[in-house]
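# What the coordinates show
Residue-level listing of the chains:
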Amino acid sequence: MPKQKIRIKIKGFDHKLVDQAAEQIVETVERTGAVVSGPVPLPTRIQKYSVIRSPFIDKDSQEQFEIRTHKRLIDIIETTSKTIDSLTGLNLPSGVEIDIKI
């Protein structure tokens, strides 16, 4: 049976939580004896919004907001059965979205 390759994408608005989740994943996977490459920082997606402060008199005055989505990529190259079991039982911080592809 060929070894499986697992790709994990981590997304979140707070870069500290994203880095913390990536470190937890790398530590648990390395404990099981699998080979890990990453975490690789992917480009941050920045969404900018301009909102008019007042619709009537002060139309020229605007407020600007932005949402930054930070992303990390982790590849697990040589997996074992212990690796998959440890990934399913992992407690990660809230506010982080994880996408696992096998």
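Above this text sits the structure in question.
Because the structure is predicted, anything quoted here is derived from the model rather than measured.

What counts and what doesn't
- Residues numbered from 1 in each chain as written.
- Predicted model: local features only at pLDDT ≥ 70, side-chain atom pairs only at ≥ 80, totals over all residues.
- Heavy atoms only, no water.
- Pairing = 2+ DSSP bridges.
- Helix = DSSP H or I, 4+ residues; strand = E, 2+ residues; numbered from the N terminus.
- Axes fitted to C-alpha atoms, helices over the stretch in contact; angles between N-to-C directions.
- Buried < 20%, exposed > 50% of the residue type's maximum accessible area, 1.4 Å probe, protein only.
- Contact = heavy atoms within 4.5 Å.

### Re the sheet that holds strand β1 (residues 6–12)
The antiparallel open sheet is built from four strands, whose spatial order is β2-β3-β1-β4. A single partner strand is all that each edge strand has here, and the edge strands are β2 (35–52) and β4 (96–101). Taking the axes of each pair of neighbouring strands and ignoring which way they run, one obtains an average angle of 15 degrees across the sheet. Examined bridge by bridge, β1 and strand β3 (residues 62–78) share seven bridges and lie antiparallel to one another. The partner of Arg 7 across the bridge, within β3, is Asp 75.

### As for the environment of Thr 83
Summarising the element assignment, Thr 83 is placed in helix α2 (residues 81–88). Its relative accessible area of 0% is what places Thr 83 among the buried residues. Note: C-alpha distance between Thr 83 and Thr 32 (51 residues apart in sequence) is 5.7 Å. Apart from residues lying up to four places away in sequence, Thr 83 is in contact with Val 29, Thr 32, Ala 34 and Ile 76.

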